[in-house]
Amino acid sequence: MHAIIVSAHGGPEVLEYVERPDPVPGEGEVVVDVAASGVNFIDIYHRSGTYPLNLPTTIGSEGAGTVSAVGPGVRDVKVGDTVAWASVLGSYTEKAVVPADRVVPVPDDVPAELAAAAMLQGMTAHYLTHSTFEVKEGDRVLVHAGAGGMGQLLIQLAKLKGATVFTTVSTSEKEKLAREAGADEVLRYDGFAQELRDSIDVVYDGVGKTTFDGGLEVLRPRGLMALYGAASGPVPPVDPQVLNKQGSLFLTRPTLAHYVAERSELLQRASDLFGWIEKGQVRINVSHRYQLAEARQAHEDLAGRRTTGKLLLIP
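Procedures and definitions
- Residues numbered from 1 in each chain as written.
- Predicted model: local features only at pLDDT ≥ 70, side-chain atom pairs only at ≥ 80, totals over all residues.
- Heavy atoms only, no water.
- Phe/Tyr/Trp six-rings, centres within 6.5 Å; stacked < 30°, edge-to-face > 60°.
- Helix = DSSP H or I, 4+ residues; strand = E, 2+ residues; numbered from the N terminus.
- Buried < 20%, exposed > 50% of the residue type's maximum accessible area, 1.4 Å probe, protein only.
- Pairing = 2+ DSSP bridges.
- Expected span 1.5 Å × (residues − 1).
- Contact = heavy atoms within 4.5 Å.
- Axes fitted to C-alpha atoms, helices over the stretch in contact; angles between N-to-C directions.

Colleague: What should I look at first to understand the packing of aromatic side chains in this one?
Modeller: According to the stated counting rule, one finds three aromatic pairs in the structure shown. Relative to Y259, the ring of Y127 lies with its centre 4.1 Å away and its plane at 10°, an arrangement referred to as stacked. Here Y127, found in helix α2 (residues 112-132), pairs with Y259, found in the loop between β14 (250-252) and α8 (263-279); they are 132 residues apart in sequence, far enough to count as distant. For the pair shown, Y127 and Y259 are each scored as buried.

Colleague: Would you explain the pairing of strand β3 (residues 29-39) in this entry?
Modeller: Regular strands place side chains that alternate from one sheet face to the opposite one. Along β3, eight of the 11 residues are buried, which leaves the element largely enclosed by surrounding structure. As paired elements, β3 and strand β7 (residues 95-99) share five bridges and run antiparallel to each other. When the sheet's bridge partners are listed, V32 is paired in β7 with A96. Inspection of the sheet shows β3 paired to strand β5 (residues 62-70) by seven bridges, in the antiparallel sense. Residue S37 lies in a different strand from β5, and its bridge partner there is G63. Of the strand pairs in this sheet, β3 and strand β16 (residues 310-314) are connected by three bridges, and their pairing is antiparallel. Bridge pairing in β16 links G38 to L312.

Colleague: When you look at α8 in this model, what are you seeing that I'm missing?
Modeller: Helical periodicity: at 3.6 residues per turn, an α-helix aligns residues three or four positions apart in one direction. Compared with the 24 Å implied by 1.5 Å per residue over 17 residues, the 24 Å span of α8 between its first and last C-alpha is a close match. What α8 keeps buried is the set L266, R269, A270, L273, F274, G275, W276 and I277. Against β8 (104-105), α2 and α3 (149-160) lie the buried residues of α8. The positive-phi residue at the C-terminal boundary of α8 is G280, with phi of around 80°.

Colleague: How should the sheet that holds strand β11 (residues 185-188) be read in this particular structure?
Modeller: Hydrogen bonds between backbone groups are what pair the strands of a sheet, and the pairing can be parallel or antiparallel. Pairing within the open sheet is parallel, and its six strands lie in the order β11-β10-β9-β12-β13-β14. Each edge of the sheet is formed by a strand with only one pairing partner; in this case those strands are β11 and β14. When the angles between neighbouring strand axes are averaged without regard to direction, this sheet yields 15°. Bridging between strand β12 (residues 200-205) and strand β13 (residues 219-227) involves five bridges; their strand directions are parallel. When the bridges of β13 are listed, V202 appears paired with L224. Against the sheet, α3 engages β9 (140-143), β10 (164-169) and β12, with an angle of about 170° to β10.

Colleague: Can you help me understand unusual backbone geometry in this one?
Modeller: Among all residues except glycine, the phi angle is most often negative; among peptide bonds, the trans geometry is most common. Note the cis peptide between L55 and P56, where omega equals -5°. Summarising the element assignment, P56 is placed in the loop between α1 (41-48) and β4 (57-58). Although it is not a glycine, R222 sits at a positive phi angle of roughly 65°. The exposure class of R222 is exposed, given its relative accessible area of 60%.

Colleague: What is the right way to look at α3 in this model?
Modeller: In this model α3 runs 17 Å from its N-terminal to its C-terminal C-alpha over 12 residues, within 8% of the 16 Å that 1.5 Å per residue would give. Among the 12 residues that make up α3, 10 are buried, leaving the element largely enclosed by the rest of the structure. Burial in α3 covers these residues: G149, M150, G151, Q152, L153, L154, I155, Q156, L157 and A158. Remark: G162 follows α3 within two positions and exhibits a positive phi of approximately 90°.

Scope: geometric values only; no functional claims are made or implied.
If you want it as structure tokens, here you go:
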């Protein structure tokens, strides 16, 4: 089989397309013939060393496919099942080894590629809008980078909850995508803080360094900043007194793993997500598909913000 290996942290050039022996599942594990792997910013953080890994390793945190082997002790998953996963390292490969308690069943009406595209960003959008800050009807929500795969999902889920959604984008093309996702008002990054000052209940910020300060300015007193990513770079250290001065604000830096740590929670979020997809209430915009060997190009395109929607690697 083939896989993408990282032997040293660095730029896209460290992504190596190599041949490896077919894996054998261990206790509590399954082997999945991968139909598609999602490409996400966390993969860039892993590759670059922003989130250091023990090397060499296969990166990629999300995928879907068909179970081809099960290890000892696996009871609830069988060969032939279509499954998906997120927050499990090692999906940039033709055959992935995944803990059986981290895979979720994919409904017959949801293609495996679509499941792979939905898992990490979809469940992230789920916990952000249902747990980190439980959006309710009438809330005013700001979603940064509304044309990206994550942004489009956050817009859709906030609208399902009855919120008024504002979003930021950088171009007219991206504005169109954000409006198609359901955004009520689309703003450019320059000037969004002045236009929305003190009026927003929650900010969902995956951009980071360049939008963080403005995001605090737009929050109403006791509003919440959910900083879930850092596409423009990490946010510098924050003096907690700033949160006091600007209205007793709340700040959290959440991550998906802590919101699906229990299997019951993982299954519930995945079930909700696939149910919305089946009913047509949530649309997954897969904008780019790359061959597995083209992982370098996928990372360059994502980091360069040359893409909209979801990126997939197809083995």
